[in-house]
Structure formats: C-alpha cells, structure tokens
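Commentary on secondary and tertiary structure
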Amino acid sequence: MSRHSIIHHTGDDSFLCVACGQGVGPARTGTRNRNHCPYCLASLHVDLKPGDRRSGCRGLMEAIGVYVQPKGEWSIIHRCTSCGVLKMNRIGPDDCERALLALAARPLTRLPFPLEALTAGADR
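What counts, and where the lines are drawn
Residues numbered from 1 in each chain as written. Predicted model: local features only at pLDDT ≥ 70, side-chain atom pairs only at ≥ 80, totals over all residues. Heavy atoms only, no water. Helix = DSSP H or I, 4+ residues; strand = E, 2+ residues; numbered from the N terminus. Buried < 20%, exposed > 50% of the residue type's maximum accessible area, 1.4 Å probe, protein only. Contact = heavy atoms within 4.5 Å. Patch = residues over 30% accessible without salt bridge, like charges linked within 9 Å, V, L, I, M, F, W, Y side chains within 5 Å. Areas by Shrake-Rupley, 256 points an atom, 1.4 Å probe, with all protein chains shown as cover. Salt bridge = Lys/Arg side-chain N within 4 Å of Asp/Glu carboxyl O. Pairing = 2+ DSSP bridges. Axes fitted to C-alpha atoms, helices over the stretch in contact; angles between N-to-C directions.

1. Looking at the overall build of the chain
When you go through the chain residue by residue, the secondary structure sums to two helices and six strands. Reading the chain from its N end, one meets helices and strands in the order β-β-β-β-β-β-α-α. Expressed as a percentage of its 124 residues, the buried residues of the chain come to 26%. Taking the intrachain contacts of the chain between residues at least 6 apart in sequence as the baseline, contacts between residues at least 24 apart amount to 33%.

Structure follows, in structure tokens:
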C-alpha cells in the first residue's frame, strides 16, 4: 500500500477512550463513523474528512461546546489540544445525555463576570 492510499473504515472499530478509559463499541444506528466517545464526548484528531482517518495529528479533541443546527439537531464542537483545529460532529444515538447537558450548560457555570453583577442596581 502506498503512503497516499486512502483507508476508509466502516465504523465497526471498538476502542478504549484515551480521555476516560471507557471501552467503546461499534456505532449504533444513526451514524456511519464513530467519531467521539459516547461517555465523555472526547475524540481524537484522526480525520481530514469525516471517516478517512488520514490526519497525522492524532491529538486529543476535547468537547468544548454544542451547536444546535437550524432543524434542531445537535452537534458537538471539538477543539484539538495539540493543533487547535475546531471540528463539529453530530451527536450519536448512544451519547450520554448527562454529558451533553453538562456541556451545553458549561457557559452558564463559567460566567465572564460576577453573578452578583446581575442583581446589583436591580432596585433602580
């Protein structure tokens, strides 16, 4: 096989998540390529295009937020801890709902101003 060959995976691969250590099985219905851990939502920077596994970076992709698409479908925003690239991945049918809600609520737990600032001067 030449170094320019394209390897397409079917998404049937099982793996151990490098972030949380959980065993992850093949993707269930609703997705062709498993692209993140359904438990902690972390990923690896392995693709240049979805499913091609051609990225040389291989850095940990941390879940940093969610994006709600116009038709209501959620996607996870990942940032590579090695090279900084941002990618969006659709949520999977077996993703942990608690982890998704915690990710969506994260901005409310890390306000850029003191919470007291919202009530200061409310009597005016």
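We are not done yet, so read on.
2. A word on a nonpolar patch on the surface
A contiguous nonpolar patch, built from Leu108, Leu111, Phe113, Leu115 and Leu118 and spanning about 510 Å² of accessible area, is present on the exposed surface. On the secondary structure map, Leu115 appears in the loop between helix H1 (97-109) and helix H2 (116-119).

3. Topic: the pattern of salt bridges
Evaluated as defined, the whole model comprises three salt bridges. Its salt-bridge partner being Glu62, residue Arg79 comes within 3.2 Å of it at the nearest N-O pair. Pair noted here: Arg79 is in strand E5 (residues 74-80) and Glu62 is in strand E4 (residues 60-68), with a separation of 17 residues, a long-range link.

4. Brief notes about the sheet that holds strand E3 (residues 43-44)
Pairing is antiparallel in the open sheet, where four strands are placed in the order E3-E4-E5-E6. Pairing within the sheet leaves two strands with one partner each, and these edge strands are E3 and strand E6 (86-90). Where H1 meets the sheet, it contacts E4 and E5, and its direction lies at approximately 75° from that of E4.

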